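Below are the chains, spelled out letter by letter.
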Amino acid sequence: MRAAVMEALNQPLVVRDMPDPTLAPDGVVLRVEANGICRTDWHLWTGDWTWIGIQLPMPHVLGHEFCGVVEEVGPQVTRWKKGDRVIVPFSQAGCGSVCEFCQSGHFNVCDGQLVPGVAYWGGFGRRVAVPHADVNLVGLPDSVGFVDAASMGCRFMTSFHGIADQARVEAGEWVAVHGCGGVGLAAVHIATALGANVIAVDVADDKLAFAKELGAVATVNAAKEAAPGAIAELTRGGAHVSIDALGIAQTCVSSVLSLRKRGRHLQIGLTSSAEQGMIPLPIDVIVLKELQIIGSLGMPAPRFGAMLRMVERGKLTPGKLVHRKIPLEDAGTVLASMGGYGTVGVTVIEKY
Ligand SMILES: [Zn+2]
Ligand SMILES: [Zn+2]
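Basis of the calculations
Residues numbered from 1 in each chain as written. Chains lettered and ligands numbered in written order. Predicted model: local features only at pLDDT ≥ 70, side-chain atom pairs only at ≥ 80, totals over all residues. Heavy atoms only, no water. Helix = DSSP H or I, 4+ residues; strand = E, 2+ residues; numbered from the N terminus. Buried < 20%, exposed > 50% of the residue type's maximum accessible area, 1.4 Å probe, protein only. Contact = heavy atoms within 4.5 Å. Areas by Shrake-Rupley, 256 points an atom, 1.4 Å probe, with all protein chains shown as cover. Lys, Arg positive; Asp, Glu negative; His and termini not counted. Charge placed at Lys NZ, Arg CZ, Asp CG, Glu CD. Donors = N, O, S within 2.8 Å, 3.2 Å for Na, K, Ca; no water. Salt bridge = Lys/Arg side-chain N within 4 Å of Asp/Glu carboxyl O. Tetrahedral: all angles 85-135°; square planar, octahedral: opposite > 155°, others 65-115°. Expected span 1.5 Å × (residues − 1). Axes fitted to C-alpha atoms, helices over the stretch in contact; angles between N-to-C directions. Parallel < 35°, antiparallel > 145°, perpendicular 65-115°, else oblique. Left-handed = near helix turned anticlockwise from the far one by under 90°. Nonpolar A, V, L, I, M, F, W, Y, C, P; charged D, E, K, R; others polar. Arc of directions from axis to C-beta.

A. Examining the overall build of the chain more closely. Secondary structure assignment for the chain yields twelve helices and 15 strands. Principal-axis analysis of the C-alpha atoms gives the chain an extent of 60 × 40 × 35 Å. In the chain, buried positions account for 56% of the 352 residues. For the chain, contacts bridging at least 24 residues in sequence account for 71% of all contacts bridging at least 6. Counting every atom, the chain has about 14,300 Å² of accessible surface; 52% of that belongs to carbon and sulfur. Distance between charge centres in the chain, computed from 29 positive and 33 negative side chains, equals 6 Å.

B. The coordination of the zinc ion (ligand 1), seen in detail. Only Cys38 (SG), His64 (NE2), Glu65 (OE) and Cys154 (SG) from the protein reach the zinc ion (ligand 1) as donors, at distances of 2.0 to 2.3 Å. The motif formed by the donor residues of the zinc ion (ligand 1), counted along the single chain, is C-x25-H-E-x88-C. Placement of the pair is glutamate 65 in the loop between helix H1 (39-46) and strand S4 (66-73) and cysteine 154 in the loop between helix H4 (146-150) and helix H5 (155-166), with a sequence separation of 89 residues. We classify cysteine 154 as buried; its relative accessible area is 6%.

C. Structural view of the pattern of salt bridges. With the rule as written, the count across this model stands at twelve salt bridges. The salt bridge involving glutamate 71 is made with arginine 31; its shortest N-O contact spans 3.4 Å. Residue glutamate 71 is located in strand S4, and its partner arginine 31 is located in strand S3 (residues 28-37); the two are separated by 40 residues in the primary sequence. By relative accessible area, which is 21% here, glutamate 71 ends up partly exposed. One salt-bridge network, in which partners are shared between bridges, spans Arg31, Glu33, Glu71, Arg126 and Arg127.

D. Molecular detail of the coordination of the zinc ion (ligand 2). Around the zinc ion (ligand 2), the protein contributes the donor atoms Cys95 (SG), Cys99 (SG), Cys102 (SG) and Cys110 (SG), which lie 2.3 to 2.4 Å from the metal centre. If you look at the zinc ion (ligand 2), its four donor atoms make angles of 102 to 117 degrees with each other, and the shape they trace is tetrahedral. Sequence positions of the donors to the zinc ion (ligand 2) reduce to the motif C-x3-C-x2-C-x7-C. A relative accessible area of 6% means that cysteine 110 is categorised as buried.

E. Layout of helix H6 (residues 182-193). Here H6 is twelve residues long and its end C-alpha atoms lie 17 Å apart, about the 16 Å a rise of 1.5 Å per residue gives. Here H6 lies mainly inside the structure; ten of its twelve residues are buried. For H6, every residue scored as buried is listed here: Gly182, Val183, Gly184, Leu185, Ala186, Ala187, Val188, His189, Ile190 and Ala191. On its buried face, H6 sits against H5, strand S8 (174-178), strand S9 (197-202), helix H7 (205-213), strand S11 (239-244) and strand S15 (346-351). Count one or two residues on from H6 and you reach glycine 195, which has phi positive near 100 degrees.

F. Spotlight on the packing of H5 against H6. Two elements in contact, H5 and H6, have axes separated by 8 Å at closest approach and are oriented at 50 degrees. Between H5 and H6, the angle is such that the two are oblique. Read as a crossing pair, H5 and H6 show a hand that is right-handed. Contacts between H5 and H6 involve Arg155, Phe156, Thr158, Ser159, Phe160 and Ile163 from the former and Gly182, Val183, Ala186, Ala187, His189, Ile190 and Ala191 from the latter. Split into classes, the residues belonging to the contact of H5 with H6 amount to eight nonpolar, four polar and one charged.

G. Looking closely at helix H8 (residues 227-235). By the burial criterion, the buried members of H8 are Ala227, Pro228, Ala230, Ile231 and Thr235. For H8, the angular spread of the buried residues around the axis is 165 degrees, confining them to a single face. Buried-residue contacts for H8 involve S8, S9, strand S10 (218-221), S11, helix H9 (249-257) and strand S12 (259-267). Positive backbone phi, at 50 degrees, marks arginine 236, one or two positions downstream of H8.

Okay, here's the thing in structure tokens:
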């Protein structure tokens, strides 16, 4: 199969032939039709996440935001057949559905969690073998195209689960979104669709302009003014829900300080090597205002039904977030450019 291969950290990806993946008895082999390029790929490519124990064996094929068509089906698979169009959520059950979290439908926090493009070769290659296919795949409605679907398995579903299931955003609430990368823009779009008033926060005016197109009712440029004060003024007291969609100390603390009393802080972005998972928080403010701190990771596959119903009827349009469609050859250049936070919206590989 053709793949954009990572041969060493921080080195340009090399497009070349790689061995096809092997079919597992309970898995499928997919022909990948589209794959989104994510900041997570950049973290993996730079070796930024070695502190959380991720050290990829080389050569490696990245990519955890893909969709495609089932080509081969293992003998134990009951739900899928050759030719089915599917999305592959990145937060996958690896235990075979026997851990207590999978048993209760929370596949996204499985004790044996698998992430494609990390635990096994992913969507920067033309073929991917997905294990435990009965629980780890989601059917893609015919009306949803592959490019639109590519990012749904990561940033879009992560925002949906965080906003709808974890923070439980309600119509009419003020929602502040700190950081307008892929996950933040998805959060703006989804919270708006659920009836919230969304304020987008970033340091780049082009990202804020895009957030407005996606439904933000107000924007704050955090390079020009302090976000918590600006949000307190816009909302007369602070946001009901505030989201750190980036995972650096500044956006996380700023998000907590943007809340009104009894507000909920939603943490979606994981931290980088600078924070290594530790960010000091204003604990007294959290007590005095009765704030809640909520984490969110990916989305369990069974929740896709709710999100896809909104996509099918046009209430959510994940394709709007896609700013660039590229051939496999350009994947390495886009990945390398993410160090400067210069990319706007989502870039999708659509030609293999
Ligand atoms: Zn991703
Ligand atoms: Zn499990």
